[in-house]
Every structure is written in C-alpha cells, then in structure tokens.
Amino acid sequence: MDPGDPAGDPAAGERHRMGRDPLLLLQALQTLWSTRERKQLREEAWRGFAALDDPLAGLLDMLESCRGQRGEGPSLAAWISHQLQCWLQAQPCPSLAQHSLRLKQLQARAVKVLTESPPSLAAPLASIFQLQDADRSCLLAHVHRLHHEGRFREAATLGATLKLQSELGVEKMSIPLLLQDKVALVERYVAGFPDLQRRLLVLMDSWCQPGFDIKDVARRYPEVTSLSLEKLSPKALSRQVLRLQERYGVAPALCPNAAIQQRLAALRHLCHKRFVEVREQEGVLGAASRGLSHRVWPGILTAHCRVHRHIKRACHRRTGPTMCSDPVTAAQCAMELLLPEERLPAAVAVELRRFRLQGRATEADSRLEVKDMKDRYYQLPIPRENVHLLASWEDLTRHEGALLQCHQVVGVDVEWTPVFVAGGRPRPSLLQVAVEGHVFLLDVLALSQPPTGQGAQAFSRLVAQLLSDPSITKLGYGMVGDLQKLGTSCPALAHVEKQILGGMDLLLVHRQMRVASVPAPAVDRARELRGLSLLVQQVLGTALDKTQQLSNWDRRPLCEEQVIYAAADAYCLLEVHQALCREPARFHLSEDLAGSRRPRHRERPGARKPPGLQKASAPAAPRQIPARAFRVVCDNMLQGLARSLRCLGVDARMLGNGEDHRRAAEVARQEGRIILTSGQPFHKLRAQVGAGRCLSVDCSLKAQQQAKAVLKHFNVRVTHADIFSRCQACNCDQYLKVSRDMMKQLMWLSSHQEGPRSSGDEATQSQAVQEPGPAPDAAPEGCTYDRPCRWLQMADLRAETPDMLADGTRLQLAGVPVGVLRTPGLRCFYCCTGCGKVFWDGSHLGRVATHFRDMLESAPSPCEPSPAPSPASSPF
C-alpha cells in the first residue's frame, strides 16, 4: 500500500476529506476553538486551506454557515478570515485577476456576507476579495443602511475600510460621531483625504460661531442616544479645531470662529486676573503677585492685540457681560479696553459712568508705594551693574568663562510671553543663569536668529556645555519643563533636558517640604502664594514678586522691572539652596539633599532615569583634571592629606583645628572646591553641596595613601613638574630663586641683626661676605630642580630688614641649617613668597616621585630627578 495514499492512513484520509469540504474544516476548527489551542488551531487551518479546491469560495461557504452566530469575545469567523488573508499572502501563486468574471461572482457573495456580518470582517474580506474594486453601489447601499439604522460607528468604519469616503461625504458621517465625542474615529475617517479634512474643519468651525446652539443639531439625530454635548461647547470645540488645523496644515482663515472663541477665552482669563484676582487678594498682599497689574496690562494687550477686534464684535452682539462675573468688573474691563459706552449693556454702562465721575480708574497695586513693595517682597541682593544682558555671540564669548566655571552652583530659569490661547506653544524669550554675585540674561530671541547664525550656534553650544558639565550644579524650579521650551527656538537644543548632569530641581525638594507640612512664618500671606514664590517665602521669609511673570517678554528692549524680576527669579534659587543646605532639618528634609531632587512620581519599573536626575554620592567619571587645576578643601582631621596633595601641586586648603566642619561647605561654595572629609561630618557636608562635590576619605590610611585614593577618584593627572609646585605649608604657588651666595649674605645679615649664633658660624658668615656670588640673572649650573621662577633681587628686600620681602613676608632663614650652605653642588634655594619658607636641593623629590610612581605620567620631565641629590624641603 502506498504510504502517501490517504486510504492507507484513516486519520490522514479523514483530514483529506475534511479539507475538501469547507464545512468539515469549519467543524474541526470549531472543536479546536473551544480548547483555546491557538497553535494547533492555526496549523490545522492552514492545512485545510491548502487542501481546499477553491479557498476563497470555501471561506464564503464557512462564513455563510456562521451567519447569525453571536457570542462574547473574538469571533471564529473573523479569525478564519484573518488567517486565510495571511495564508494567501504567504502563497507564491498569484491572486485572481481584476475584473475577471470569477472575481466578480466572489465579490458579489462577499458583499452579501459582509452586509450580514459584524464589522470585524470588513478589513480581511476587503483585502481578500479586493472589494475596493467591487460594485460600489451595493457597498454604498449597505453603509447607508447601517447609518439609517443608527449604527454610525459601524458605517464610518466600513466606509473607511472600503475607501468610500468620497461618495459618502463628511457631514453625514461625521456629525453623529461628533455628537457622541468620537473625534478619533472621525479623524481616521478623513485620513488621507485633504478635501474632506478641510470640510470637516469648516463644519466644526461653524459650530464655534457666537450664538450657535449645538442642541439644534442634536435634535436632528434622535438615534444618537449617548450625547456628549458638554464636550462640544465653543471653548472645548475651538481647541479641537485649532489642533486639527495645525495637524492638517490648513490656513487659519478657514477657521475664523474658533480663533474668535480662543481670543475671547483669553481675554476672559486676562480680565479675571486683571480685576477679580487683584480685588479678591486686596488686603492680603496689597496687589496680588499672581494677578495682572496695571504695569504689565498694556504689554499683555499689545502682545494679544487681536483680542480687541473680537471683543468689540462680542460687545456688539451683546455678549460682553458674559466675559466678567459682574457689571463692576465688566465696567473696569470696558474702561481699560476703551470700548464705546453705547455698545455696552445698560448695567455695565452705569458702572462705567460712575467710575469716570469718581476717577476710580486704577486698582489696588497702583496705590502701593515702592518702599512698601520692598518690605513685602524678595529683593535682588546684588548691584544692578552685576546683571548682564547677553544678546550677541560676542557677549557670550566675553562671559563664557564665568558661565562655565567648574565646581560652581548656578540658578537656571526661563521666561516667555504667556500664551492665553489653549493649544498655543510658548516661545522662550530669555534664559537666566545666576552665579554667585552675578546674573546673566541670555536673550534667546536675539541669539536664536537666524537659526544657523553664529549667535545661535554659540548659544546652543554654551547651553549644552553648561547643562552637561557634572561639576556644575544646576538649580531650577520645574527645570525640565523650562528647558523643554528651548527646543522650540533652537532646534539644536531639542531634548536638551535629557542631557542634564548635576541638576537639582527645587520643585521636587519643595514637594517634600509640603508633604512634611512645613509651617510658613506668615501663614495668611503664604495661603495666597504658590510655586517658587511660596518656596522663597517659606525659606527666606519674603515672597517673590511675580507681577512681571505675565508681562510681554517678547518686547525689546525689556523694561527695567522685567530685568530686575528676571534676575531675582534666578538668583533666589541660589539663596534658597544655601538656606536649605545650612539647615535641612528645619525644613523637615533629609541631610542628603541631593536625593530630594529625584522625580519619584515619574519613575517606572525598569525605566532608565535621566542622567541628570540620578542620585550621586560620588561624581560621574569626569574628564582628566590637571593637578594644578584641582581645588579641594580638607577638613581639619585631614591636614596631613592636604600637605600631601600640595606636595603634588594640588590647590588644597585646610581647616584649622578650631574651625567648625560646616566652614568647609562655605569655602567649597564660595571658591568652587571639592570637600574632603571623613566620618560623621561627611553626611552633613554632602547635603550642603552639589552631587559629587564631597568625598569621604578613609582615616585609617596614611596621608600619602589617602592622596592616591583622592587623585584616582577624581581622575587627576599629575606630572613631574607638579611636584613641589606649591608650598606645603601655606599652599602658595609662587617662589623666588635664591643663589647660595646670596643666601649666605642674607643669613649673615639676619644673624648679625639678632646677634652671632656661635663662634664657628661667624667664620663661615664672615667668609660668605667676602665671597662674591654669581650674577642673579644667571642660573647656576648643576641645579637638578629648576622651577620656572625669577631670581631674588636685592630690590625685592626691605633695606632696614634684609630678611623681609617688600610685601612684608619674612624669610624663614632660621630654618636653614648652616651646614646646608657647605653642601657640594648646591647652588640655589627657593623661597615661598606666601609664608617665607625656604626649600633647597635634597632627597625629598626622589622619595615623592618613587612613592607616587604609578600616579605620575610616563613622559619624562625636565625636572625629573637624577642620581644627583634632588630638591627637598627643610624638615617640618
């Protein structure tokens, strides 16, 4: 018997007969469908499709057999149709030719099946039977029938699937869906049809015209049962229109009514802030810091001048009173907008005449004097001349050093003209960067134009470098949101907020303070404050005046009030940060203030944190730092470490034995130094400085081992030339070179003034006077340690006290043993100009170079020690 013969295998024969009969295949698939064995079900279906003589006709047979079957969950008929669609796409054989008689017969059956089947079958049947090319009259009739039956969603979905939008139109299909708040489905319906998109916008815009009642439209569609008319108010609908207008690239002139509604809403908001907020808060802050005052009101109206025409039109339609809550407020608004009295409602006109008679044309904040304002609000603590406006690439180049100084703390803020139109995107106008004692106002509008100009490139490069430098601590309040706006003006800065390294968002710190219920010193006043103004009030005791926040920041030149406000808005971040670091417990914050900046509310499991918002107790791997550019301050228990680092050329300042540990944080902030400490003070000091600017040193190690650990941690590069480039006693890096003969003379003169040391020394000193020394401008031969410093001249010394430099520094000649002057080959000494300590040629350099051999660069230095004696200092 042939093994390939189905008769030889009963099971195979059954599958063969089942494959020939589509209904047997359907029955087998129904059995497997109930078992939920999807893999086996798919394999069985594909084998059955391959065995059918006509898979397309077989599908229609199965679908016709399934008609009327309704159930919950996925449909077997839809699954079979989708699987056949996939199977056909995987077959190498071509499909039926278009317009063939066989295809037309199948299309007629498919259309009939489609009219009696759920919408889930539309897509696979349209693909399998090429229904887009079928008799469209039948398809259109079916869609119209669905629409007439009130099945609007199914009608629109089927029409879009079969590409019937041009024949169906947009008004008939879209209006019922819009009434049901199915805007997304309407957008899919008109996708790819620009003419339909424009017609849709015209339709929606017509619903935004003043006086239009959407209920009149809803009455024409009694089939629509789930109405969402509240989402079709002119205010909400205008937002949708303007969004789609931008998405479809349609000219604004096509949607005038939506623009009017948005401008009216903007003016209502402005009038509320201008009149209502100020009046409600009068007596709390005098003039509301959040309200629009008379000082910024003209600028705002200038920035949104198109509002005037729309407001006058609204007043003409007698809709003016709806803008304000009462006639008094409406009259104030009408007076400031110079609206004609004859166009106003009677009640508003009466109040307007009363205002004019009484002369009450100003609000509460116009009555506040400047002195009173200074008592109520935070004042910029630096002179006005320290506020710099940078509007060109030359300005950026001139101040780049101050902006990008390593290891400093800066406050960052952004100002923009407020956009009172929903959906509008604010454009940044000003970027403020505050450093200790100075504020730099970067004119984004001037620097970003033209986009490819020298100013835009310099601005983008400087901002990117500032934000990505981990050694610079960046302070902000909602900083990520501010920086996101920079991308709208400078494409090169798009997503720059993701590049922040060393950033600290005080908004997150403030949220922790509020969770801890921090009491404000003036609760009644703070009750009307919010945001950064509230934080400044809680921490520094005076609120931040936000009057200029809503002013027109696109105006040039900026007024003086705007300049002062912008500078204070950024500089207060520095003072708040310093106050929080000094007393974190007072504000119910942890001592690890750096940990408070993480956006816990945005974290997702497994999500990667932005690099600038990670908690860091140690700095990210910095670039290699030259030893002489590395600056540290050592706590008083690490004085030996400080001297070892000075020995290698590091600028190391150390606290005295009586100084408090907190002094290290003050020095670090003022001078941009790294704190080196140990033990319990580490946690307190780390909370007072930026991330990576405080290191805990192991006190069990010797000083030189500690120095190695510090240099490796911060990736500091040390060369032979760095050794003894600083005085180990006072940290000064300026020396004077003294010849041996001049040193003999100085020691003799010093001892002669103080009296002879001994009889043996007198002979040496007398002999030193008789020996003429070499010319001071010629370097003596044989000096193995030649510092790049000048020779000591007699003019550098005081005549009456020859052992004292002209600046008052006394040379420590008593620390030089007399026997050193008789050392063979010793030709010169080095004197520190800071403390007067004297150093000479010895073996100390060789020992230091040997101990730090693994830290030194391999390239030899001109001062590399030779077998001859090496420079060393006098013993400490």
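Residues numbered from 1 in each chain as written. Predicted model: local features only at pLDDT ≥ 70, side-chain atom pairs only at ≥ 80, totals over all residues. Heavy atoms only, no water.

A. Representation of the sheet that holds strand β5 (residues 473-476) in the model. Taken in spatial order, the six strands make up an open sheet running β1-β4-β3-β2-β5-β6, and their pairing is mixed. Across the chains shown, the open sheet's two edge strands, defined by having one partner strand only, are β1 (387-390) and β6 (503-505). With direction set aside, neighbouring strand axes in the sheet form an average angle of 25°. In this structure, β5 lies alongside β6, joined through three bridges in parallel fashion. From the neighbouring strand, K474 faces β6, where its bridge partner is G503. Along the sheet, helix α24 (residues 454-468) contacts β2 (409-416), β3 (428-435), β4 (438-443) and β5; its crossing angle with β3, the most-contacted strand, is approximately 45°. Contacting β1, β2, β3, β4, β5 and β6, helix α30 (residues 560-582) crosses the sheet at an angle of about 145° to β2. (Pairing = 2+ DSSP bridges. Helix = DSSP H or I, 4+ residues; strand = E, 2+ residues; numbered from the N terminus. Axes fitted to C-alpha atoms, helices over the stretch in contact; angles between N-to-C directions. Contact = heavy atoms within 4.5 Å.)

B. Region of interest: the confidence of the model for the protein chain. On average, the protein chain scores 75 in pLDDT, and the residues at 70 or more come to 73%. Every residue in residues 280-291 scores below 50 in pLDDT, and together they form 39 contacts with partners more than four places removed in sequence or on other chains. Every residue in residues 756-783 scores below 50 in pLDDT, and together they form 36 contacts with partners more than four places removed in sequence or on other chains. (pLDDT = per-residue confidence, 0-100.)

C. Looking closely at helix α8 (residues 136-148). Helix length check: α8 (13 residues) gives 18 Å between terminal C-alpha atoms against 18 Å at 1.5 Å per residue, within 8%. Buried residues of α8: L139, L140, H142, V143, L146 and H147, and no others. For α8, the arc enclosing every buried residue in end-on projection is 160°, short of the 170-degree limit, so these residues lie on one face. Elements in contact with the buried residues of α8: α6 (101-115), α9 (152-161), α10 (165-168) and α11 (171-179). (Expected span 1.5 Å × (residues − 1). Buried < 20%, exposed > 50% of the residue type's maximum accessible area, 1.4 Å probe, protein only. Arc of directions from axis to C-beta.)

D. Looking closely at the state of the cysteines. A complete count under the given rule lists zero disulfides for this structure. You can see C727 has no disulfide; the closest cysteine sulfur is in C835, sitting 3.6 Å from it. Of the residues examined, C727 reaches a relative accessible area of 0% and is grouped as buried. (Disulfide = S-S within 2.5 Å.)

E. Seen up close, the packing of helix α31 (residues 639-647) against helix α34 (residues 703-713). Closest axis-to-axis distance for the α31/α34 pair is 8 Å, and the angle between their directions is 65°. Taken as axis vectors, α31 and α34 run roughly perpendicular relative to one another. The two elements α31 and α34 meet at a crossing, and its hand is right-handed. The segment α31 lies against α34, with G640, L641, S644 and L645 engaging A703, Q704, Q706, A707, V710 and L711. Of the residues in the contact of α31 with α34, the class split is six nonpolar, four polar and no charged. (Parallel < 35°, antiparallel > 145°, perpendicular 65-115°, else oblique. Left-handed = near helix turned anticlockwise from the far one by under 90°. Nonpolar A, V, L, I, M, F, W, Y, C, P; charged D, E, K, R; others polar.)

F. Quick peek at unusual backbone geometry. With an omega of -10°, the peptide bond running from Q449 to P450 counts as cis. With respect to the element layout, P450 can be found in the loop between α23 (444-447) and α24. Omega for the peptide link from R556 to P557 comes to 0°, which places this bond in the cis form. The backbone of H495 shows a phi angle near 65°, a positive value even though the residue is not glycine. Summarising the element assignment, H495 is placed in the loop between α26 (486-489) and β6. Backbone geometry places F724, a non-glycine residue, at a positive phi of 60°. You can see F724 is positioned in the loop between β12 (716-717) and β13 (735-739). Looking at F724, the relative accessible area reads 8%, which means it is buried.

G. Broad picture of the side chain of K546. Mapped onto the secondary structure, K546 falls in the loop between α29 (531-540) and α30. Residue classification places K546 among the buried positions, given a relative accessible area of 11%. Of note is the side chain of K546, whose polar atom sits 3.3 Å from the side chain of D569. (Polar contact = N/O pair within 3.5 Å; in protein donor to acceptor, adjacent residues only side chain to side chain.)

H. View of the pairing of β2. The buried fraction of β2 amounts to seven of the eight residues, a majority that puts the element mostly inside the structure. Judged from the three bridges that link them, β2 and β5 form a sheet pairing that is parallel. Bridged to V409 within β5 is T473. In this sheet, β3 lies alongside β2 in antiparallel orientation, the contact comprising six bridges. The partner of D413 across the bridge, within β3, is Q432.

I. How the structure looks around the packing of helix α2 (residues 22-35) against helix α3 (residues 38-51). Contact geometry of α2 with α3 gives a least axis separation of 9 Å together with a crossing angle of 175°. Overall, the two elements α2 and α3 adopt an arrangement that is roughly antiparallel. Contacts between α2 and α3 involve L25, L29, L32 and W33 from the first element and R38, Q40, L41, E44, A45, G48 and F49 from the second. Class assignment of the residues belonging to the contact of α2 with α3 gives a composition of seven nonpolar, two polar and two charged.

J. Local environment of the pattern of salt bridges. Evaluated as defined, the whole model comprises 28 salt bridges. Two residues, R145 and E149, come together in a salt bridge whose shortest N-O distance is 3.0 Å. Using a relative accessible area of 42% as the deciding quantity, one classes E149 as partly exposed. For R726, the salt bridge goes to D651, with nearest N and O atoms at 3.9 Å. Taken together, the residues span a long stretch of sequence, with R726 in the loop between β12 and β13 and D651 in strand β9 (residues 651-654) at a distance of 75 residues. D651 carries the same exposure label as R726, and that label is buried. Residues joined by salt bridges that share partners form a network here, namely R631, D651, R653, E671, R673, R726 and D733. (Salt bridge = Lys/Arg side-chain N within 4 Å of Asp/Glu carboxyl O.)

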